[in-house]
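# Observations on the model geometry
Spelled out from the first residue to the last, the chains are:
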Amino acid sequence: MIEQVHEGQAVQTSDGVSLGTITRMWWGTEPVDTVTPCVDETCLEVQSSAIGWGGKLYIPCSAVASVSEQQVTLSFDAATAATKPWVDRPAWITDDSSKSLLGLFGLSQQRGA
């Protein structure tokens, strides 16, 4: 299912509350093999305009319940999602783009780079 998630998709809670749009995917790495992506640590960076959540959210992929072409739906309702520490950037994410999906393949986020 995670392979269907991409930048630009809308993100909503299980009760239909819109949280924002995916702007980036971050991939963790296995502790022993730092080249292999670790789905357990993968998270979505979401630009949110939802009341109380303005700014960026870092939502773990484990919270994703379903994916359609245009939308990702979480397994939590809005009230439960509000209790999650998703406004805090995970410590394993650095400004190093090598942990983003593009960096994983050695690509730049800038067009033409």
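Before going into details, it helps to say that this report is about the structure given with it. (Residues numbered from 1 in each chain as written. Predicted model: local features only at pLDDT ≥ 70, side-chain atom pairs only at ≥ 80, totals over all residues. Heavy atoms only, no water.)

### Description of the overall build of the protein chain
The helix and strand inventory of the protein chain stands at two helices and six strands. Sequence-ordered secondary structure for the protein chain, helices as α and strands as β, is β-β-β-β-β-β-α-α. Out of the 113 residues belonging to the protein chain, those deemed buried represent 35%. Taking the contacts inside the protein chain whose residues are at least 6 apart along the sequence as the reference set, 51% of them involve residues at least 24 apart. (Helix = DSSP H or I, 4+ residues; strand = E, 2+ residues; numbered from the N terminus. Buried < 20%, exposed > 50% of the residue type's maximum accessible area, 1.4 Å probe, protein only. Contact = heavy atoms within 4.5 Å.)

### With respect to the packing of aromatic side chains
With the rule as written, the count across this model stands at one aromatic pair. Seen from their ring centres, F76 and W86 are 6.0 Å apart, and the 65° between their planes marks the pair as edge-to-face. Linking F76 in the loop between β6 (71–74) and α1 (78–81) with W86 in the loop between α1 and α2 (101–104), this pair joins segments that are 10 residues apart in sequence. On the basis of relative accessibility, which here comes to 23%, the residue F76 falls in the partly exposed class. When its relative accessible area of 6% is taken as the criterion, W86 is described as buried. (Phe/Tyr/Trp six-rings, centres within 6.5 Å; stacked < 30°, edge-to-face > 60°.)

### A closer look at the pattern of salt bridges
All told, the structure shown has one salt bridge when counted by the stated rule. Close ionic contact of K56 with E45 constitutes a salt bridge, the shortest N to O distance being 3.6 Å. Remark: E45 occurs in strand β3 (residues 37–48) and K56 occurs in strand β4 (residues 55–60); sequence separation between them is 11 residues. (Salt bridge = Lys/Arg side-chain N within 4 Å of Asp/Glu carboxyl O.)

### Describing the nonpolar core
Burial of nonpolar side chains together is a common tendency in soluble globular proteins. By size, the foremost hydrophobic cluster in this structure holds 19 residues, and its most contacted members are V11, I22, L44, I59, V72 and L74. Those elements that place two or more of their residues in this core are β2 (18–29), β3, β4, β5 (64–67) and β6. The element best represented in this core is β2, accounting for four residues. Apart from the residues lying within four places of it in its own chain, the contact partners of V72 are V5, Q9, A10, V11, Q12, I22, L44, V64, S66 and V67. (Core = buried A, V, L, I, M, F, W, Y, C linked by side-chain atoms within 4.5 Å.)

### Quick look at the side chain of Q9
Take Q9: it is sitting in the segment before β1 (10–12). Engagement of the side chain of Q9 in a polar contact is seen with the backbone oxygen of Q4, the distance being 3.5 Å. What Q9 contacts, discounting residues up to four positions off in sequence, is Q4, G20, T21, I22, V67, S68, E69, Q70, Q71 and V72. (Polar contact = N/O pair within 3.5 Å; in protein donor to acceptor, adjacent residues only side chain to side chain.)

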